[in-house]
Amino acid sequence: MLRNVFRLLSALLSAADAFCNRLYGKRFNPLYQSGTIVVTLYVVLVATGLWLVVFYRVGAPWESVAALTANPWIGNWVRGLHRYSSDLAVVATAVHALRMFAQARSTGARTQAWASGCVLLLLLFVCGWTGYVMVWDSFGQLLAREGSRMIDVLPVLSEPTTRAFTGEQPVATVFFFLNLFAHIGVPLVMGGVFWMHVKRLQRPLLLPPRPLMWTVIGAATAAAVLRPIVMAPRADAFTLPPTVPADLFFAFWLPLSHRLSAGHALLAATAFGIGFLILPRVTRPRVAAAPSVVDEDLCVGCVQCAIDCPYGAITMVRRADDRADLVARVDSHLCVSCGICAGSCAPMGVGPPGRSGRDQLERVRTFVSSGVAAGRIVVVGCEHAGAGADGRAGTRIVSYPVDCGGNLHTSVVELLLRGGAAGVMIVACPPRDCRHREGPRWLEERLYKGREAELQPRVDRARVRYATAGPGDRHQLAAAIDEFAAQIRSLNPAQASASLDVEAECEPAIIEDTA
Amino acid sequence: VTATTRILSLAAACAFIAGVVWLSSVPITAHASSAALLRLAWSARPERVEDCRQRSAEELANLPQHMRQPLACEGTTAEYRLQVRAAGALVVDRVVRGGGMRHDRRLYVLEEVPVPAGDTDIQVRFDRVETARSASTGPPQRIESVPPHLDYEQRITFRTREVVLITYTPDVRALAAVQGSSDPAHKGPQP
C-alpha cells in the first residue's frame, strides 16, 4: 500500500513539474525552487517585520495595528506583504517537504536535514501563531484561547493560562510583550536551525534565480496592494463572534481542534508532529545504500571527488604509504551514496560498490558486446529523469538507463561510440531537480567544459548530445531525440573500434599511451 | 516561448496568488450557536486546614535549639464544591482543590456554560467541603483566604452571543457578575 502511495505522490509531483516546466521552463520552475523560495520569503518577512514592529505598541496592540492598517502608504501594503509572504512560505515549505519525501531525500545521511526541516516548519507555525495573536483581533483571540486551552492540559502550570482571556481583567501588557518577544526571537532561532538544515551540503543554494526571486516578491506585493488587509473586530472576551476571518495556512487545524477536547486536540497535534518527523524512517527501507569506497592504489590525490561531492563527504588525507600524493577518504556518515564521485574520478578509484567507473565500464562493455548498440542511438538516461526511449523512433533508438546522470563516467560515452553506437544522447534531470543536487551540472561540465574526468577530445562531439528532462517531459524529450536522430543521419555511418578493453580505458596512463 | 504560454503562465500565477489571498482570510465558524455563555472564572487562596498539638517538654528537648517550636502543625488546604444551576437545572457540580502537586496553591475556577438568550435564573454555590479535618485547630491565618461559603443568585438577562462573567471579588469577599464589557452601562461587577 505504501508503495502505491509513493507512486501516487511521485505521479502527482511529476505531473505538477511537467505543467510548471511547460509554463515557466525548467530554470524558473517554482516547484524545483521551493526551498530557495522559502528563504526568499523569510528575508521578506524579516524586512517587513522590522518595519511593522516600529509601529507596534504592546500597550495597545489592536489600536496600533489598526492605525497602521489604515495607512495605505506605509502600513497596509507592508502588512499585506508580511502576511502573504508568510502564507506563501507555508505553501513553499509544504512543496519542499513533499518533494524531499517523495524523492526519498529524507533518510540516511539526510535525516538531519529532514528533522531540522520539521523543526523549521514547527517554528514557522509558532511564528504565524504569535504574529496573529499580536494583532489581538477576534482571530488572534481565538488562536490564543485554543493555544492556551491545549497548554493547560499539560501538568506544568498551576494556574491555567486560559484565565488570562476570560475577561476578569484586561489582558496583561506583559502577555503582549512576551508574545512580541517570541515573534521576534523565533525567527532568530530559525536562522540557527536553518544552518543545521543545510550544514551537510557543500554548496547550499540559498536563493532562486533572480528573475524568479523578484517575481515571487512582486507577486506578494501586488497581492498586498490589490487586496488590502482588512482589520477584524477587536478581541472581546464578552462576545461570541459567529465567524472569524481565519488564515487557513496557519489555522487549518482550528475548525477541527475546536470540536475536540483540549486533551484530544493536543494529542492529535503531537501525534501528527511526531508522525511527520518519523514518516521517512518508517516508510523507507532501513538498509541504506552502501557509501562510496576508495581504491587507494588507483587514487592519484587529484582532489576532484572532494570538490564535486555535494555533501562534503570526501576529504583528502596524507597517504600512509610512501607515495607523496594525498588520498581520498569517504565519511560514511555523510555519504548518501549518490555516486557523483564515480563520475568525477578520472582513474575510477572511487565510487559506491557496484557503481564505480570501473563497474560502469564493465556493464557498458557487456551492453556493447551484445550488439544492440551497433548503428543505433543510445539514450543514456537517468532513471529519475524523463528518459526511456521505449516505443519511440522505431529500432534506431535503444535505451541505456543509469541511476544518476551525475555519476556517469564519460568513458562510458566513449565506449558506446567505440562500440559502434551511431550517437549517444545523455538525459539527466533538470539541474534543480537532481536527487543528488549537482549531478547534471558536473556532467555537463565534464562533457563540454573540460571539467576533470572530461569526455576525451578524440570523441566526436557531433555524436553526443546532452539534454535534461523531468519525468513529465516525455514529449519534449521525444522531440529532442528526433532532432538528434536527424542530425546523426546526416553524418557518416559509425564505425566500431577494434578494442573494447576496459582496463585500457581505466588507467589514465594507459589511455595516454594508446592515444 | 509563445504568447499563449506567456498568457497561460501569467494566468496560472495570478490564479495561484488569488487562491493564497482567498485562503488567507476565510471566515470560519467560531461559535455556531446563537446562545449566550455563562463564564465562571476566579482564583482565590483556599483555607488552610491545620491539625496542631503542643509538643511535650521531652520532645522539645530532643530537638535542636533553633527548631524548638512548642506547636507542631500538619496541614492541608480545604476543598470546595462548586454547584451552578441555570433555570433550576444543575449544570456544574464539581469539587475544586488548590493548585499544585500538593494542592496547597491558589485554587482556580474556570467553567463555561452555554445559556439560551433571555432571562435566566442563575444560582452559584461555592461551599467548603466538610471533612474530619476541615476544622482547623491551628493559629489564625495571616493571609486572607476565600470564605467557606459563597453564594450568588440572580436573574440575568443574557443577550444573544453575550458572555456573562461571574467572578470572585476579594474586596467584598463575594461573587459578582460582569456583563457587557462593550456597553459602559453594564460595566463593573454586580453583586
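Residues numbered from 1 in each chain as written. Chains lettered and ligands numbered in written order. Predicted model: local features only at pLDDT ≥ 70, side-chain atom pairs only at ≥ 80, totals over all residues. Heavy atoms only, no water.

Caption draft 1: Spatial organisation of the overall build of chain A. Per the secondary structure count, chain A includes 19 helices and nine strands. For chain A, the spread of C-alpha atoms along the three principal axes comes to 95 × 55 × 45 Å. The buried share of chain A, reckoned over its 515 residues, is 49%. A separation threshold of at least 6 residues defines the contact pool for chain A, and within that pool the share at least 24 residues apart is 75%. For chain A, the accessible area works out to roughly 23,700 Å², and carbon and sulfur atoms hold 64% of it. The centroid of the 49 positive side-chain charges in chain A is displaced by 6 Å from the centroid of its 40 negative side-chain charges. (Helix = DSSP H or I, 4+ residues; strand = E, 2+ residues; numbered from the N terminus. Buried < 20%, exposed > 50% of the residue type's maximum accessible area, 1.4 Å probe, protein only. Contact = heavy atoms within 4.5 Å. Areas by Shrake-Rupley, 256 points an atom, 1.4 Å probe, with all protein chains shown as cover. Lys, Arg positive; Asp, Glu negative; His and termini not counted. Charge placed at Lys NZ, Arg CZ, Asp CG, Glu CD.)

Caption draft 2: How the structure looks around the interface of chain A and chain B. If you look at the interface, chain A gives 40 residues, while chain B gives 40 residues. Together, the buried faces of chain A and chain B total about 3,400 Å²; carbon and sulfur atoms form 66% of this surface. The largest contributions to the chain A side of the interface with chain B come from A:Leu23, A:Phe238 and A:Leu240, which together make up 22% of the buried area. Summed over the shared surface of chain A and chain B, the number is one salt bridge. (Buried area = accessible area lost by both parts, 1.4 Å probe. Salt bridge = Lys/Arg side-chain N within 4 Å of Asp/Glu carboxyl O.)

Caption draft 3: Geometry of the packing of aromatic side chains. Residues and elements named next belong to chain A. Taken as a whole and judged by the stated rule, the model has 16 aromatic pairs over all chains. On the numbers, 6.3 Å between centres and 20° between planes, the contact of Phe272 with Phe276 is stacked. Of this pair, Phe272 and Phe276 both sit in helix 11 (residues 262-283), four residues apart, which is roughly one turn of the helix. A relative accessible area of 58% means that Phe272 is categorised as exposed. (Phe/Tyr/Trp six-rings, centres within 6.5 Å; stacked < 30°, edge-to-face > 60°.)

Caption draft 4: Broad picture of unusual backbone geometry. The residue A:Ala104 is not glycine, and still its phi comes out positive at about 55°. Judged by relative accessible area, A:Ala104 falls into the partly exposed class, the value being 33%.

Caption draft 5: The arrangement of the state of the cysteines in detail. All names here are of chain B. Across all of its chains, the model carries one disulfide over all chains by this definition. With a sulfur-sulfur separation of 2.1 Å, Cys52 is cross-linked through a disulfide to Cys73. Here the disulfide of Cys52 and Cys73 is right-handed, its torsion about the S-S bond being about 110°. On the criterion of sequence distance, the pair formed by Cys52 in strand 3 (residues 48-54) and Cys73 in strand 4 (residues 71-77) is long-range, its members being 21 residues apart. (Disulfide = S-S within 2.5 Å.)

Caption draft 6: The sheet that holds strand 9 (residues 464-468) of chain A, seen in detail. Residues and elements named next belong to chain A. Here we have four strands laid out as an open sheet, ordered 7-6-8-9, and parallel in their pairing. Where the open sheet ends on each side, the last strands, each with one partner, are strand 7 (397-402) and strand 9. Strand-to-strand twist across the sheet, computed as the mean angle between neighbouring axes with direction ignored, equals 20°. Direction of pairing for strand 6 (residues 377-382) relative to strand 8 (residues 423-428): parallel, over a ladder of five bridges. Bridge pairing in strand 8 places Val378 opposite Val424. Taken strand by strand, helix 14 (residues 357-369) contacts strand 6 and strand 7, and its axis lies near 160° from that of strand 7. (Pairing = 2+ DSSP bridges. Axes fitted to C-alpha atoms, helices over the stretch in contact; angles between N-to-C directions.)

Caption draft 7: Here's a closer look at helix 11 of chain A. All names here are of chain A. Spanning 22 residues, helix 11 covers 30 Å between terminal C-alpha atoms, matching the ideal 32 Å at 1.5 Å per step. Those residues of helix 11 that fall on the buried side of the exposure criterion are Ala262, Ala265, Pro280 and Thr283. Contacts made by the buried residues of helix 11 are with helix 1 (2-24), helix 4 (76-102), helix 5 (111-135), helix 6 (138-151) and helix 10 (254-257). (Expected span 1.5 Å × (residues − 1).)

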